[in-house]
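# Descriptive structure summary
What follows is the residue order along each chain.
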Amino acid sequence: MDAPVHGPDARSGLAQDAPAGQELSFRILSLNTHKGFTVFNRRFVLHELREAVRGVGADIVFLQEVIGSHQEHSTRYENWPAMSQYEFLADTIWKDFAYGRNAVYPAGDHGNALLSKFPILSYRNLDVSQRGPERRGLLHCVLKHPGSGKEIHAICVHLGLRESHRLEQLRLMCRLIDELPPDAPLLVAGDFNDWRQRAHELLHRCSSLREVFIEAMGRAARSFPVRWPLLPLDRIYVRNVRVRVPEVLHRRPWSHLSDHAALIAEIQV
């Protein structure tokens with residue numbers, strides 16, 4: 001298991017401990033960042049995206065399609081950050097962050113990332129790629145809840161475009177979850193590309209996961225394309241936690257910052 005990645009002063013600015021026995025809530029956000037570009041890659045908007053993410057006040061941020069490095073973009077775009085996109089987005093707000101590199105190409109790489117105001121104790125990136133050039137991974141992080149000291153497991157997900165690949169990737173996810181403590185709080189979020197909604201029953205049956213929008217509103221959130229959301233591609237699944245007020249963020253500024261809408265929810269442990 002890989003060591004956690006920390007920003008500067010990684011232990012400062014954490015939430016205060018709650019009194020013993022008191023339930024503590026926090027917010028999570030999930031977004032496919034589209035590598036920091038608008039729809040059809042017309043404009044580089046990573047700086048605007050950072051401001052939007054910061055404005056939500058999320059404690060844990062699940063990101064997909066985040067660029068770790070890109071030699072060509074760094075010379076082509078004047079405002080390209082000198083650091084990785086996930087470090088740039090974390091800035092001074094999310095002191096701990098982890099990156100799972102999935103796709104590697106001559107100019108650079110991209111993958112999933114998790115930003116956290118809670119300490120990241122450890123992380124690992126599980127390669128779930130199937131046959132063909134498409135590279136996918138599950139970024140599994142173990143966090144320490146600052147109020148109770150409990151370990152929280154978080155899995156950032158980006159599944160494949162082909163249904164046969166997704167089904168196998170979901171089975172691999174179930175195996176991963178089977179290895180986790182059955183009573184530990186678990187958050188699974190990201191871009192599932194599951195427009196036919198096959199994941200709900202499978203994940204509930206194999207891992208007792210609940211999808212937060214189905215539980216709160218009776219149906220999965222429509223998140224793609226962001227300006228006219230029709231397809232429920234993005235999800236938040238949970239276990240051993242309670243969830244309040246899940247919301248789809250698809251209006252301005254979010255409608256101009258990616259091709260996917262962002263999802264947010266309040267979690268109670």
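In what follows, the accompanying structure is described. (Residues numbered from 1 in each chain as written. Predicted model: local features only at pLDDT ≥ 70, side-chain atom pairs only at ≥ 80, totals over all residues. Heavy atoms only, no water.)

For the rest of this paragraph, the subject is helix 5 (residues 199–207). The set of residues buried in helix 5 consists of A199, H200, L202, L203 and S207. Buried residues belonging to helix 5 abut helix 4 (163–178), strand 10 (210–211), helix 6 (212–217) and strand 11 (234–239). Looking at the residues trailing helix 5, positive phi occurs at S208, about 60 degrees. (Buried < 20%, exposed > 50% of the residue type's maximum accessible area, 1.4 Å probe, protein only. Helix = DSSP H or I, 4+ residues; strand = E, 2+ residues; numbered from the N terminus. Contact = heavy atoms within 4.5 Å.)

This part is about the state of the cysteines. All told, the structure shown has 1 disulfide when counted by the stated rule. A disulfide bridge connects C174 with C206, and the sulfur atoms are separated by 1.8 Å. Disulfide C174-C206: torsion about the S-S bond near -60 degrees, hence left-handed. A residue pair is termed long-range when its members are at least 10 positions apart, and C174 in helix 4 and C206 in helix 5 qualify at 32 residues. The structure places no disulfide on C141, whose sulfur is separated from the nearest cysteine sulfur, that of C156, by 8.0 Å. Residue classification places C141 among the buried positions, given a relative accessible area of 0%. (Disulfide = S-S within 2.5 Å.)

On to empty space enclosed by the protein, then. In this structure the tally under the stated criterion is 2 cavities of 30 Å³ or more. By volume, the largest cavity is sized at about 50 Å³. For the lining of the largest cavity, the element with the most residues is strand 5 (residues 108–116), which contributes 3 residues. By residue class, the composition of the lining of the largest cavity is no nonpolar, 6 polar and 3 charged. Estimated volume of the second largest cavity: approximately 40 Å³. What lines the second largest cavity is simply E163, R166, L167, L170, D194 and R198. Here the lining of the second largest cavity is composed, by residue class, of 2 nonpolar, no polar and 4 charged. (1 Å grid on protein atoms, 1.4 Å probe; cavity = no way out; pocket = protein on both sides within 12 Å on 5 of 7 lines; lining within 4 Å. Points joined across faces, edges and corners; volume = space filled by probe spheres on them. Nonpolar A, V, L, I, M, F, W, Y, C, P; charged D, E, K, R; others polar.)

By themselves, these figures tell us nothing about what the structure is for.
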